[in-house]
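Chain residues, written in single-letter form:
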Amino acid sequence: MAIDKFISLTSSAVPLPIENVDTDQIIPARFLKAVERKGFGDNLFRDWRYDKNNQPVPEFILNKSTYSGNILVAGKNFGSGSSREHAAWAIYDFGFKVVVSSFFADIFKNNALNNGLLPVQVDEVFLEKIFTLIEDDPNVEFNVDLQTQRFTIVKTGEYASFDINPYKKECLLNGYDDIDYLVNCRDEIKSFEISRN
């Protein structure tokens, strides 16, 4: 299944300054019955967003109209726990295109990249600066440029560079999943096969 292209994004952000958020908190196991990637956003952070009577918890950040945008800014060690791909599906389906943290669990990071969600890892000092800026002004904008691998504070021009696997970068820039990438390389593959005969 192809993914959406990601080249550059300018957006405000939603702060989630909680450390060690695991995949069961992102999408509880009881909601993993579907096999399609759609619909999981409804249950993103379900047990934090809703109480036992299925009423929205007013204090939870995603229930506050103050914050919006396609960037989720999370605390250190985001996406730990089980390897469920549904966690990335839920975040993306909710509308986030980028997740920023000072550290990601490896399996979550790979699942995110495989599903069109860009994990941007910055150092802890820069992460705290982002949180402070959002607290001071919920409408502050950030730019995420995949080509240059920079996360920029729009109003000041300050930026942090981030790493990404070159193969995954090419896939995101072109909207390829692994199969799309191979199909795109078919002429090179044919040429290689001919050269080996």
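Scroll up to find the structure.
A. Spatial organisation of the sheet that holds strand E6 (residues 142-145). On the basis of which strands lie adjacent, the open sheet formed by 4 strands has the order E1-E6-E7-E8 and antiparallel pairing. Of all the strands in the sheet, just strand E1 (8-11) and strand E8 (159-161) have a single pairing partner and so form its edges. Direction aside, the axes of adjacent strands within the sheet are offset by 10° on average. Its contacts with the sheet put helix H5 (residues 124-136) on E6, strand E7 (150-153) and E8, and the angle it makes with E7 is roughly 40°.

B. View of the side chain of serine 11. Residue position: serine 11 is located in strand E1. A polar contact of 2.9 Å, which involves the side chain of serine 11, links it to the backbone nitrogen of asparagine 70.

C. Focus on the pairing of E6. Going residue by residue along E6, you find Phe142 and Val144 tucked away on one face and Asn143 and Asp145 tucked away on the opposite face as well. Pairing of E1 with E6, which is carried by 4 bridges, proceeds in the antiparallel orientation. In the sheet register, leucine 9 faces E6, and the bridge partner there is valine 144. Relative to E7, E6 runs antiparallel, the two being bridged by 4 bridges. Of the residues in E7, the one forming a bridge with valine 144 is phenylalanine 151.

What counts as what
- Throughout, residues of each chain are indexed from 1 in the direction in which the sequence is written.
- Reporting in this predicted model follows two pLDDT cut-offs: at least 70 for local features of residues, and 80 or more for side-chain atom pairs to be given and counted; totals over whole chains, interfaces and linings ignore these cut-offs and use all residues.
- Heavy atoms throughout the structure, all of them, feed into the side-chain values; hydrogens and water do not.
- By the convention used here, strands pair only if DSSP detects at least 2 bridges between them.
- Put simply, DSSP H or I for four residues or longer makes a helix, DSSP E for two residues or longer makes a strand, and each gets a number counted from the N terminus.
- Note on definitions: angles span 0 to 180 degrees between N-to-C directions of axes, and those axes are lines fitted to C-alpha atoms, for helices only across the stretch in contact.
- By definition, residues are in contact when any of their heavy atoms lie within 4.5 Å.
- Definition of a polar contact: a pair of N or O atoms within 3.5 Å, with one able to donate and the other able to accept a hydrogen when the atoms are protein atoms, and with sequence-neighbouring residues admitted only if both atoms are side-chain atoms.
- Exposed residues in this analysis have more than 50% of their type's maximum accessible area, buried residues have under 20%, and partly exposed residues fall in between, with area computed by a 1.4 Å probe over protein chains only.

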